[in-house]
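# Remarks on the overall topology
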Amino acid sequence: MWSRLRRFLDVLREDLDAAIRRDPAALTLVEVALAYPGVHAVWGYRLAHRMWREPHLRLPARLLSQAVRAATGIEIHPGARIGRRLFIDHGMGVVIGETAEVGDDVLLFHGATLGGKAMRRGKRHPTLGDRVVVGAGAKVLGPVWVGDGAQIGANAVVIADVPPGAVAVGVPARVRVKPRVLPDAVDVDDPAMYI
Ligand SMILES: CC(C)(COP(=O)(O)OP(=O)(O)OC[C@H]1O[C@@H](n2cnc3c(N)ncnc32)[C@H](O)[C@@H]1OP(=O)(O)O)[C@@H](O)C(=O)NCCC(=O)NCCS
């Protein structure tokens, strides 16, 4: 019981650290804990998701998630599956649907939507890998897959899979695969390049 509580508190602490790391404007852990709606929304989700896993607590979980939405402007369905260290910057208008899956170290800006395209039940929301960035106002729609490290441009509308490390921009989003950067690559202007 105590070890589970400790693990839960560790995850909450990681959420604070993630905000400090991802937002250059963040000053202190106390400021982030008190003044960041994106962090409050993720904490609310973590509690609501635990409740959602108990069938008799599903209604209270939905009510909690709606209360958090009223307070933060961020709607995360308690059934969504979200990894560790999600940071939602600014937050207002973010929507994460019931069957969405989000990896670790993901960054969402305000207005990002992980939404459905069809009204049928079942998997209908996107799956985001680790370290994905979704720009402000971007919509990722349907059960599409966004690979690890991909970046979705502000206001893009993504309706097809995005490969790992790619950048997707525009409406509908076009994918640009970034050139692979070698870990120890250095910026050298080698005259041989011009031969
Ligand atoms: C998509 C994004 C990640 C690309 O960043 P990048 O890798 O540095 O790429 P570049 O800026 O070099 O742009 C690459 C190309 O995509 C285009 N592009 C970049 N962002 C775009 C966007 N949001 N919509 C449409 N086209 C975009 C550029 O014009 C450029 O096109 P070109 O190759 O024809 O010249 C970035 O532009 C972006 O939108 N980030 C989201 C940031 C955000 O939401 N901030 C909110 C802060 S409050």
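Residues numbered from 1 in each chain as written. Predicted model: local features only at pLDDT ≥ 70, side-chain atom pairs only at ≥ 80, totals over all residues.

### Comments concerning the overall build of the protein
Check the secondary structure of the protein and you find four helices and 15 strands. Referenced to the eigenvectors of the C-alpha coordinate spread, the extents of the protein come out at roughly 70 × 40 × 30 Å. Within the protein, the fraction of its 195 residues that count as buried is 35%. Long-range pairs, those at least 24 residues apart, make up 31% of the contacts in the protein with a sequence separation of at least 6. (Helix = DSSP H or I, 4+ residues; strand = E, 2+ residues; numbered from the N terminus. Buried ≥ 20, exposed ≤ 12 C-beta atoms within 10 Å, placed from the backbone. Contact = placed C-beta atoms within 7 Å.)

### Observations regarding the sheet that holds strand E15 (residues 174–177)
Taken together, the six strands give an open sheet; going across it, the order is E3-E6-E9-E12-E14-E15, and neighbouring strands pair in mixed fashion. Both outer strands of the open sheet, strand E3 (87–89) and E15, are each paired with one neighbouring strand and no more. (Pairing = 2+ DSSP bridges.)

### Things to note about the packing of helix H3 (residues 37–52) against helix H4 (residues 58–72)
Where H3 meets H4, the closest approach of the two axes is 8 Å, and the angle between their N-to-C directions is 175°. Put simply, H3 runs roughly antiparallel to H4. For the pair H3 and H4, the contacting residues are Pro37, His40, Ala41, Gly44, Tyr45, Leu47, Ala48, Met51 and Trp52 in the first and Arg58, Pro60, Ala61, Leu64, Ser65, Val68, Ala71 and Thr72 in the second. Of the residues in the contact of H3 with H4, the class split is twelve nonpolar, four polar and one charged. (Axes fitted to C-alpha atoms, helices over the stretch in contact; angles between N-to-C directions. Parallel < 35°, antiparallel > 145°, perpendicular 65-115°, else oblique. Nonpolar A, V, L, I, M, F, W, Y, C, P; charged D, E, K, R; others polar.)

### Observations concerning the nonpolar core
In this structure, Ile88, Leu108, Val134, Val140, Ile152 and Val158 are the most contacted members of the largest nonpolar core, which totals 45 residues. Of all the secondary-structure elements, those providing two or more residues to this core are helix H1 (2–22), H3, H4, E3, strand E6 (107–109), strand E9 (133–134) and strand E10 (139–141). Take this core: its biggest share by element is six residues, from H3. Those residues in contact with Val158 that lie beyond four places of it in its chain are Ala138, Lys139, Val140, Leu141, Val144, Ile152, Ala168 and Ala173. (Core = buried A, V, L, I, M, F, W, Y, C linked by C-beta atoms within 7 Å.)

### Some words on unusual backbone geometry
Between Val171 and the following residue, Pro172, the backbone shows a cis peptide bond with an omega angle of -15°. Positionally, Pro172 belongs in the loop between strand E14 (166–169) and E15. Notably, Arg131 is not glycine yet its phi reads approximately 60°, a positive angle.

### Quick word on H3
Along its 16 residues, H3 runs 22 Å from first to last C-alpha, staying within 8% of the 22 Å computed at 1.5 Å per residue. The complete set of buried residues in H3 reads Pro37, Gly38, Val39, Ala41, Val42, Gly44, Tyr45, Ala48 and Trp52. Looking at the packing, one finds that the buried side of H3 touches H1, helix H2 (29–35), H4, strand E1 (75–76), strand E2 (81–82) and E3. (Expected span 1.5 Å × (residues − 1).)

### Some details on H1
Taking 1.5 Å per residue, 21 residues should reach 30 Å; H1 reaches 30 Å between its end C-alpha atoms and fits that length. Three or more residues of H1 are buried, namely Asp15, Leu16, Ala18 and Ala19. Buried residues in H1, looked at end-on, bunch into an arc of 155°, giving them a common side. Structural note: H1 exposes Trp2, Ser3, Arg6, Arg7, Asp10 and Arg13 on the side pointing more than 90 degrees away from its buried face. (Arc of directions from axis to C-beta.)

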